[in-house]
Amino acid sequence: MAALAGISHPYWAQIAAIVPLSVTGTWARVERGIHRVVGTCAGVVVTAILLSFPSQSWQLVVWVVLLQFLAELFVLRHYSLALLFITPLALLMVQLGSPQPVIPLLQVRIIETAIGVTVGLAPVVPAVLCAAASRQEPPRVPVTPLAKLSPGAGA
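Now for a look at the structure at hand. Treat the numbers as computed from the prediction; the structure is a model and nothing was measured. (Residues numbered from 1 in each chain as written. Predicted model: local features only at pLDDT ≥ 70, side-chain atom pairs only at ≥ 80, totals over all residues. Heavy atoms only, no water.)

Broken down by element type, the chain carries seven helices and zero strands. Listed by position from the N terminus, the elements making up the chain come as α-α-α-α-α-α-α. Expressed as a percentage of its 155 residues, the buried residues of the chain come to 32%. The long-range fraction of contacts in the chain, counting pairs at least 24 apart against all pairs at least 6 apart in sequence, stands at 72%. Only carbon and sulfur atoms are counted for the fraction: they give 71% of the accessible area of the chain, which is about 9,800 Å². (Helix = DSSP H or I, 4+ residues; strand = E, 2+ residues; numbered from the N terminus. Buried < 20%, exposed > 50% of the residue type's maximum accessible area, 1.4 Å probe, protein only. Contact = heavy atoms within 4.5 Å. Areas by Shrake-Rupley, 256 points an atom, 1.4 Å probe, with all protein chains shown as cover.)

Below, the structure is given as structure tokens:
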């Protein structure tokens, strides 16, 4: 979808589509997709702050090393928090390799992540809806007064 939309980095959408499917369990997949979108948006804010100051290439490299360390520290503990570091890491490396206008780059990252997560969760949503529809209250057993249960009572 991202490639058809003519967006400049369609592989970001492809990765975002796979992320929800990397865990087991329907609700875990939905949660991972939400983490991906929220974490990426927060990471874009961090990137905007880092790129709002004029910097030289060596300074960006220092940020990349620091962000890589922080991403590795948090990726297994809390995925959304790790994306706070992973997103700026990826975007700073793009800027190091081929500098681009910052605002369009950040916008594309959010759009492609949203497209990818939507596509990745497309097979999961029907399963969530079916599971929710099949959950019904257990049948209620009528309560019989004790007087009717004891032999000879009420006669």
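There is more to say after this.
What follows covers the nonpolar core. Within the largest apolar cluster, nine residues are counted, these being L50, L51, L60, V64, L67, A71, F85, L89 and L92. Of all the secondary structure elements, the ones that give two or more residues to this core are helix 2 (26-51), helix 3 (57-74) and helix 4 (79-97). The biggest single contributor to this core is helix 3, with four residues. Among the nonpolar cores identified, the runner-up in size contains seven residues, and W12, V44, L106 and V108 belong to it. (Core = buried A, V, L, I, M, F, W, Y, C linked by side-chain atoms within 4.5 Å.)

On the secondary structure map, Q95 appears in helix 4. Note on Q95: relative accessible area 10%, which makes it buried. Beyond its immediate stretch of four places on either side in the chain, Q95 contacts L51, Q100, V102 and L105.

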